Structure formats: C-alpha cells, structure tokens
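Descriptive analysis of the structure
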Amino acid sequence: MAPVLTTHGLAYAYPGSERATFEGIHLSVEPGEFIAIVGRSGVGKSTLLRCCAGLTGASAGSVQLQARPTENERPSAFVFQDTRLLPWRRVRANVAYGLQGLDMERKAIEDRVDEAMALALVAELGERWPFQLSGGQAQRVGIARALALHPQLLLMDEPFSAVDALTRQKLQDELLGIWRRAGPAVLFVTHDIEEAVYLADRVIVMGGAPARIVLDRRIAQPRPRERESTGLQQEARALEGAL
Ligand SMILES: Nc1ncnc2c1ncn2[C@@H]1O[C@H](COP(=O)(O)OP(=O)(O)OP(=O)(O)O)[C@@H](O)[C@H]1O
Ligand SMILES: [Mg+2]
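Bear in mind the structure is a predicted one, so any value in this text is a computation, not a measurement.

Where interface size is quoted, it is often the accessible area lost as the parts come together. With domains assigned, the protein is organised as domain 1 (1-67 + 162-243) and domain 2 (83-151). Using C-alpha coordinates to define each centre, domain 1 is positioned 25 Å away from domain 2. Each side of the interface is counted separately: domain 1 has nine residues, and domain 2 has nine residues. Residue composition of the side of domain 1 that touches domain 2, by class: six nonpolar, one polar and two charged.

Our next topic: the pairing of strand S3 (residues 34-38). Judged by how many residues are buried, S3 sits mostly within the fold: five of five residues are covered. Every second residue of S3 is oriented toward a common face, with Phe34, Ala36 and Val38 on one face and Ile35 and Ile37 on the other, all of them buried. Summarising the sheet, S3 and strand S7 (residues 185-189) pair through four bridges and their orientation is parallel. Paired with Phe34 across the bridge in S7 is Val186. Sheet topology places S3 next to strand S8 (residues 202-207); four bridges connect them, and they run parallel. Bridge assignment links Ile35 to a residue of S8, and that residue is Arg202.

Turning our attention to the sheet that holds strand S6 (residues 153-157). Pairing is mixed in the open sheet, where six strands are placed in the order S5-S6-S7-S3-S8-S9. With partners counted over all chains shown, the strands left at the sheet margins are strand S5 (76-79) and strand S9 (212-218), one partner each. Sheet twist, expressed as the mean angle between neighbouring strand axes with direction ignored, is 20°. Along the sheet face, helix H7 (residues 230-242) touches S3, S8 and S9 and points at about 170° away from the line of S9.

Across the sheet, which stays open at both edges, the three strands sit in the order S2-S1-S4 with antiparallel pairing between neighbours. Taken across any chain shown, the strands that pair with only one partner, and hence form the sheet edges, are strand S2 (22-29) and strand S4 (60-65). Averaged over neighbouring strand pairs, the angle between their axes works out to 15° when direction is ignored. Examined bridge by bridge, strand S1 (residues 5-12) and S4 share five bridges and lie antiparallel to one another. Paired with Thr7 across the strands is Val63, a residue of S4.

Cut-off values and rules
- Residues numbered from 1 in each chain as written.
- Chains lettered and ligands numbered in written order.
- Predicted model: local features only at pLDDT ≥ 70, side-chain atom pairs only at ≥ 80, totals over all residues.
- Domains from an automatic or database assignment.
- Contact = placed C-beta atoms within 7 Å.
- Nonpolar A, V, L, I, M, F, W, Y, C, P; charged D, E, K, R; others polar.
- Buried ≥ 20, exposed ≤ 12 C-beta atoms within 10 Å, placed from the backbone.
- Helix = DSSP H or I, 4+ residues; strand = E, 2+ residues; numbered from the N terminus.
- Pairing = 2+ DSSP bridges.
- Axes fitted to C-alpha atoms, helices over the stretch in contact; angles between N-to-C directions.

Right under this line is the structure:
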C-alpha cells in the first residue's frame, strides 16, 4: 500500500528569519503506522506537524498527503495541545464541527458523532459545555472531533502534556485502543521519550539548527507493551543518547 504521507527535502523558514527552522526532512508514513516525533523545545516539531497537515506552506521541498479518503472522509485531522474547543458550542456540537463542510445528511452526521464520541470515551459528555470538562476530558473531546472526520492520518501535537501523570497514562492507553480499532496512521509529537517508546512503532528525533532528522528508530517491542519493561527502557536510553 502507498504511504499516507511523504515529504521530500521539506524545509520551512518563518518569514523574516535568517535561518530555516528545519530542512531536508524526508519522511514517509505508512498506512496505520504510529510515529512519534521528539526533540528539544523550539526545535520545530509543531512547525513540522503544521506543514504535514497543510496548515502551513513549505518553504522548500514537498509534502504529499497520498491518503485517498473516500467520500466524507478527510485525509488528515489535527489534535492540538490546547484542545481548541469552541467555548460557545456544547461538546456534541464541537465534535460535529468538522463535518459541517461535508456533504452529509443530518442522520449520517449524528451517527458519525456518536461513533467518534464512543471511541474517545466521551459519549456521556455530549451536553456539557467545554468549561465543564476536566483537562483529560477536553483532550478526549478533541480526539473525538478529529476521529469524526475518519482521517487516514491523525496529527497530534503534545496532546497529553497538560494533564497529570496518571491521566496521561490512561489517555495513552485509550489512544492505543482507538488506534487499534479505528486504524489511522498517527504522527504524535511529544517531549517525553517514555511516552514515545511506549506508543510508537517508530520514533523520529529532530535536532540541530536548522533541524533535521537525526535519528529514525524502529521500536520493535511487541504489543501490548509494559511500561517498565527492560526492552522499552533500552529503547528510551538509546533515544536519550541521540537527544
Ligand atoms: N510565528 C513564528 N514566527 C517566527 N518564529 C516562530 C514562530 N513560531 C515559532 N517560531 C520559532 O520556530 C522555532 C520552532 O518552533 P516550534 O513551535 O515548531 O518548536 P517545537 O519543537 O514545537 O517546540 P516546543 O517543544 O516548545 O513546542 C522556534 O525557535 C520558535 O521560536
Ligand atoms: Mg511545539
């Protein structure tokens, strides 16, 4: 099967800045693959993710989203660190938000919203307002909103960095469950190496200025994984070396 996303020699420089944020990024994401992107703060992870989503144009090189969604699906969907729920819409209306531009019947939209809310474990929260949600619940709603689009690529920018450690582990396991059932490829940005090796099939380390991919490591640990296993700890140490 063709990759869902490929970039060739991708570079980006913010307008007015002398140096590129990153350059020479060659990346290929296979269908259903879970890739984590790590690197120090300011290295360009969020910028890269926005380029991959087409939210930001590239300065050089190319991004190709090859995903060929069928009708009423989207090639990619984004989950933000700060959730970006619309405060004047109830949870259900937030989840439905991205579907409004699609040519779908009301019933089909309702079904899609129900399915996404069930997958993201927020089925009970539909009538709440965003301000009535905990941090973890708000993240789940952000994930439901993305899943409702039936994306072939889910782009996630540090989605769990603002919640406590226990909630974070719970959200990680829920995400793995969603990934297994819904099956999108995932590009997941995180600061946290433990999180990266626990979740991903492949971990990509960005480094340098302009940033490049300094390591692309396959995490060949079987699933389901044990957080404390020796294998994962070894993988984490190998990655820490590259950071
Ligand atoms: N709008 C902007 N204009 C100019 N420079 C920017 C802009 N946004 C970000 N930058 C700079 O681009 C670089 C990359 O930023 P980016 O947000 O992609 O980093 P990051 O790896 O996601 O960092 P973090 O881990 O802190 O989220 C940083 O040096 C940042 O200061
Ligand atoms: Mg960032």
